[in-house]
Amino acid sequence: MTVLLVLAFFATFITMDYLVTRRRMAREQQAFAAAIPAVEPAWVAGYQLPEALYYHRGHTWARPLDADTVLIGIDDFARRLIGPAGAVKAPSVASGCTRAAGRFAMKLGDKTAELVSPVEGEVVDVNRDLAGKPGLASDDPYGRGWVLKVRAPQLAANLRNLLSGRLARKWMEDSREALELRLMAFSGSVLQDGGEPASDLSHHLPKADWERLAHEFLLT
């Protein structure tokens, strides 16, 4: 009987500790999100391209928080190519994250889009809100939809390899032009009035065609 009481006590203690820890982590996540200033919107070739960020050619971005830490997410081009995510799969905290191996994924039914990390470093946090609301990654890609927080010891060197300013604008213009040419080759039905690409290409294209675009533009 004593043994059962002891076991019940420990089970209750573990459950309470788990619940308290989850609430604390949720509060910390909310406080962190609230402390991040919004980026100023800017438009290039019909896509949002905030100038405060650094862009990888695979359509992910890095936002420096301090001398060696950045937030990572997807850009407006990627969110339109992918569409509303049904799930976001990210590396675990404290895992290595490099441009070659550090990837995260967004799932849409039977389709999966892999994206590359724009910097090398260690994953120190993930956006836990995406577990319950994966659509945030596409609804608010530059804000609440961030995916990873990475500590990058060589951050300055990493950022020099990314795109910003005039180079980022030219790259986005080229991406838009290249996408339109691919879509015209597939079917004019995925181009809206005025030649604008549909906002959710994953639902407008056959899986094989969409996967070709994802591999080409997301560099995976």
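Up top is the structure.
Residues numbered from 1 in each chain as written. Predicted model: local features only at pLDDT ≥ 70, side-chain atom pairs only at ≥ 80, totals over all residues. Heavy atoms only, no water.

The geometry of an aromatic ring pair is captured by the separation of the ring centres together with the interplanar angle, meaning the angle of the planes. As enumerated under the stated definition, the model contains four aromatic pairs in all. Where Tyr47 meets Phe77, the ring centres are 5.2 Å apart and the plane angle is 45°; that geometry is what we call tilted. Of this pair, Tyr47 sits in strand β2 (residues 47–48) while Phe77 sits in helix α2 (residues 76–82), placing them 30 residues apart in sequence. Judged by its relative accessible area of 1%, Tyr47 falls in the buried class. Ring geometry for Tyr55 versus Trp171: centroids 6.0 Å apart, planes at 35°, classification tilted. Residue Tyr55 is located in strand β3 (residues 54–56), and its partner Trp171 is located in helix α6 (residues 165–186); the two are separated by 116 residues in the primary sequence. (Phe/Tyr/Trp six-rings, centres within 6.5 Å; stacked < 30°, edge-to-face > 60°. Helix = DSSP H or I, 4+ residues; strand = E, 2+ residues; numbered from the N terminus. Buried < 20%, exposed > 50% of the residue type's maximum accessible area, 1.4 Å probe, protein only.)

Let us look at the pattern of salt bridges. Opposite charge on two side chains permits pairing when their charged atoms draw close. One pass over the full model with this rule turns up ten salt bridges. Across the pair Arg169 and Glu51 runs a salt bridge whose closest N-O atoms are separated by 3.6 Å. Here Arg169 is found in helix α6, whereas its partner Glu51 is found in the loop between β2 and β3, with 118 residues between them in sequence. Assessed through its relative accessible area of 33%, Arg169 is described here as partly exposed. Of the charged contacts, one joins Arg144 and Asp140 as a salt bridge, the two residues approaching to 3.5 Å between their closest N and O atoms. Sharing partners across several salt bridges, the network here consists of Asp76, Arg79 and Arg80. (Salt bridge = Lys/Arg side-chain N within 4 Å of Asp/Glu carboxyl O.)

Our focus in this paragraph is the nonpolar core. One finds Tyr55, Val119 and Leu148 to be the most contacted residues of the largest nonpolar core, which totals 52 residues. If you tally residues by element for this core, the top one is α6, at six residues. Those residues in contact with Tyr55 that sit more than four places away from it in its chain are Leu49, Pro50, Thr60, Trp61, Asp75, Tyr142, Leu162, Leu163, Ala168 and Trp171. (Core = buried A, V, L, I, M, F, W, Y, C linked by side-chain atoms within 4.5 Å. Contact = heavy atoms within 4.5 Å.)

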